[in-house]
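Structural characterization, general
Residues per chain, in single letters:
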Amino acid sequence: MTKIIGLTGGIGSGKTTVANEFAAHGIPVYITDLEAKKLMQTDSVLSQIRAEFGDDVFENGLLNRGKLSEIVFNDSGSLTKLNNIVHPAVKQDFKQWLLEHKKDPYIIYESAILFESGSYKECDFIINVVAPLEIRIKRVIDRDKTTREKVLERIKNQWNNEEKSSKSDFIIENTTKEALNLGIVKILKFLRIKQMNS
Ligand code: ATP
């Protein structure tokens, strides 16, 4: 059976960069954030959002993502409601995707909230990507043109790294590109050995 490798890490740690490296080595990768964004354009999810949040979050028939983000960012009850719509849709979509990859020995499931959402329980192995806080803040400011305060606000809502690492099988120290590659090579070696022995 296909083994699920959960890939997570705090904001700016480099999860997506790591996921892309694995994809380049031929391992199929499911990026939950990306798929959730796509699913939020489907009729089924849109109609649930309209039923929950009303016409106010729509403009000319299209979802106004900015408005919706503003609502859920400022109210945890609304965030839970949105998550209750989006998370089951992602779960279902992933199930289908997994079926399409049943011939692959391993796949990567990348999620910023792997632990927070409980999906880590479905994984066979877990990789946590880590990097020093200041490096992460700088990366996100450069990438998103945002402020230090906003980045810290997002970090505050995530589990801390010690909690994540203690529940992970591998830790990739993504301080430099070299360190990142070394971490990936080690994991690929481990997976090959595992595959030979299975
Ligand atoms: P988020 O949780 O916000 O989605 P993430 O953990 O997926 O973040 P990435 O988007 O992969 O992080 O990386 C954040 C930024 O840092 C990106 O612009 C990426 O190109 C850059 N980056 C990642 N790893 C390195 C590295 N080793 N050296 C230099 N830049 C890096």
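Cut-offs and rules
Residues numbered from 1 in each chain as written. Predicted model: local features only at pLDDT ≥ 70, side-chain atom pairs only at ≥ 80, totals over all residues. Heavy atoms only, no water. Near = heavy atom within 4 Å. Polar contact = N/O pair within 3.5 Å; in protein donor to acceptor, adjacent residues only side chain to side chain. Helix = DSSP H or I, 4+ residues; strand = E, 2+ residues; numbered from the N terminus. Nonpolar A, V, L, I, M, F, W, Y, C, P; charged D, E, K, R; others polar. Buried < 20%, exposed > 50% of the residue type's maximum accessible area, 1.4 Å probe, protein only. Pairing = 2+ DSSP bridges. Domains from an automatic or database assignment. Contact = heavy atoms within 4.5 Å. Buried area = accessible area lost by both parts, 1.4 Å probe. Salt bridge = Lys/Arg side-chain N within 4 Å of Asp/Glu carboxyl O.

**Some details on the site of the ligand**
In the neighbourhood of the ligand, 13 residues make up the surrounding shell, with Lys 15, Thr 16, Thr 17, Arg 143 and Asn 174 lying closest. At 3.4 Å from an oxygen atom of the ligand is found a main-chain nitrogen or oxygen belonging to Ser 13. One of the side-chain N or O atoms of Lys 15 is found 2.6 Å from an oxygen atom in the ligand. Listing elements by their share of the shell around the ligand, those giving two or more residues are α1 (15–24) and α6 (133–144). Here the element with the most residues in the shell around the ligand is α1; it accounts for 3 residues. For the shell around the ligand, the per-class residue count stands at 1 nonpolar, 8 polar and 4 charged.

**Side note on the pairing of strand β1 (residues 3–9)**
Within β1, 6 of the 7 residues are buried, leaving the element largely enclosed by the surrounding structure. Relative to strand β5 (residues 106–110), β1 is paired through 5 bridges, and the arrangement is parallel. Paired with Lys 3 across the strands is Tyr 106, a residue of β5.

**As for the domain arrangement of the protein**
The assigned domain composition of the protein is domain 1 (1–28 + 105–198) and domain 2 (42–100). Computed over C-alpha atoms only, the centres of domain 1 and domain 2 are separated by 25 Å. At the interface, 7 residues of domain 1 touch 6 residues of domain 2. Buried area between domain 1 and domain 2, both sides added, is near 560 Å², and the carbon and sulfur share of it is 87%. Of all residues in domain 1, Ile 4, Ile 107 and Tyr 109 give up the largest surface area on contact with domain 2, accounting jointly for 48% of the area buried on that side.

**Comments concerning the pattern of salt bridges**
This model, assessed by the stated rule, comprises 10 salt bridges. Residues Asp 33 and Lys 37 are paired through a salt bridge, measuring 3.9 Å at the closest nitrogen-oxygen approach. Pair noted here: Asp 33 and Lys 37 are both in helix α2 (residues 32–39), with a separation of 4 residues, about one helical turn. Between Lys 164 and Glu 116 there is a salt bridge, with the nearest N and O atoms lying 4.0 Å from each other. One end of the pair, Lys 164, is in helix α8 (residues 161–166); the other, Glu 116, is in the loop between β5 and β6 (125–130), and 48 residues separate them in sequence. Overall, Lys 164 belongs to the buried group, its relative accessible area being 0%.

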